[in-house]
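# Structural overview
The residues making up each chain are set out below.
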Amino acid sequence: MQIFDNCICIAQARVIEGKRKKAHICTIAFHETSNSFVRICLPFDRSKESNIRRWNRFSFRGKADPSDTRLESFAFAELISVQGKINEEKKRAIHRKILQKYKHEKEYNESKQSIGVLLFEPGSVRFKQKPLTDREEEYRQIMADKGLFFPSFKLYISGKSSQFKSRFEKQLVQWDFFEAIRKGNDPLDAYNTFLEPYIILGNTPWKRDSFMAISILSAPLGYKRFACEQQLSLMEA
């Protein structure tokens, strides 16, 4: 068992429940102690760990997950503490550390990293809906029977990025986008206020060379340069 202290929650996918796994939230955190990303599944119930949200600092005990061999994935065992949300100064520091992890998607795949960062041209972004697969429709029915919301469609984000010759397209599974939809609100209201949006990417245990958009974050103005500086340092290495 390993202790993960100083974790900052940075991205959470929509709530999901299947036949074998109870309702849970796929959560990505930035682990300050190791300067790395970690992925855990938090339960969606009445427990304290279920209340962890973006920018909360927390600590937990975890271990390798035999059912998920992605480098950043761990099985959540026990919550140690939740220290509340970090302040704005700390958020700026975390944005900088996250953006310094930026690589091209091809590089993430070559190094078998399952969490990354995607930069794009904000003015090029489009959102669209697509129908659910049969499997996703099955999830939706399972969850509906338990009073849990699962969208009746898939949401995608597309745009232009310097690393791709044509427009990229990623399925967007950000929890608060679907919470807005559940409440009858426009999920893009928050996005339209973002200063320098960028995407936290993640893949699945079943398809590791293709990424989804787990969350869109808004960095302070000028902070995308830290990602560009990282890319330049990789080219010069």
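Quick note: structure is the one above.
Residues numbered from 1 in each chain as written. Predicted model: local features only at pLDDT ≥ 70, side-chain atom pairs only at ≥ 80, totals over all residues. Heavy atoms only, no water.

Within the protein one finds 6 helices and 11 strands. The C-alpha radius of gyration of the protein comes to 17 Å, within 12% of the 18 Å expected for a compact globule of 237 residues. If one aligns the C-alpha atoms of the protein with their principal axes, the spans along those axes are about 55 × 40 × 35 Å. Looking at the 237 residues of the protein, the share that counts as buried comes to 50%. Counted over contacts in the protein with a minimum sequence separation of 6, partners at least 24 positions apart contribute 65%. Accessible surface computed for the protein: about 12500 Å², of which carbon and sulfur atoms make up 49%. Across the protein, the centroid of the 41 positively charged side chains sits 1 Å from that of the 29 negatively charged ones. (Helix = DSSP H or I, 4+ residues; strand = E, 2+ residues; numbered from the N terminus. Rg over C-alpha atoms; globule rule 2.2 N^0.38 Å. Buried < 20%, exposed > 50% of the residue type's maximum accessible area, 1.4 Å probe, protein only. Contact = heavy atoms within 4.5 Å. Areas by Shrake-Rupley, 256 points an atom, 1.4 Å probe, with all protein chains shown as cover. Lys, Arg positive; Asp, Glu negative; His and termini not counted. Charge placed at Lys NZ, Arg CZ, Asp CG, Glu CD.)

Roughly 1500 Å³ of internal volume is contained in the largest pocket. Around the largest pocket, the lining is made up of 48 residues, and of these Ile16, His24, Tyr139, Pro205 and Trp206 lie nearest the centre. Contributing elements (two or more residues each) for the lining of the largest pocket: strand S2 (24-31), strand S3 (36-43), strand S5 (75-85), helix H3 (134-144), strand S8 (154-159), strand S9 (168-172) and strand S11 (212-219). When the residues that make up the lining of the largest pocket are grouped by side-chain class, the tally is 20 nonpolar, 10 polar and 18 charged. (1 Å grid on protein atoms, 1.4 Å probe; cavity = no way out; pocket = protein on both sides within 12 Å on 5 of 7 lines; lining within 4 Å. Points joined across faces, edges and corners; volume = space filled by probe spheres on them. Nonpolar A, V, L, I, M, F, W, Y, C, P; charged D, E, K, R; others polar.)

Within the secondary structure, Glu49 is located in the loop between S3 and strand S4 (56-63). Each residue touching Glu49, except ones within four places of it in the same chain, is listed here: Leu42, Pro43, Phe76 and Leu79.

For Phe226, the position within the fold is in helix H6 (residues 225-236). Relative accessible area serves as the criterion here: at 5%, Phe226 is assigned to the buried category. C-alpha separation for the pair Phe226 and Ile94, spaced 132 residues apart in sequence, amounts to 12 Å. What Phe226 contacts, discounting residues up to four positions off in sequence, is Arg96, Leu99 and Gln100.

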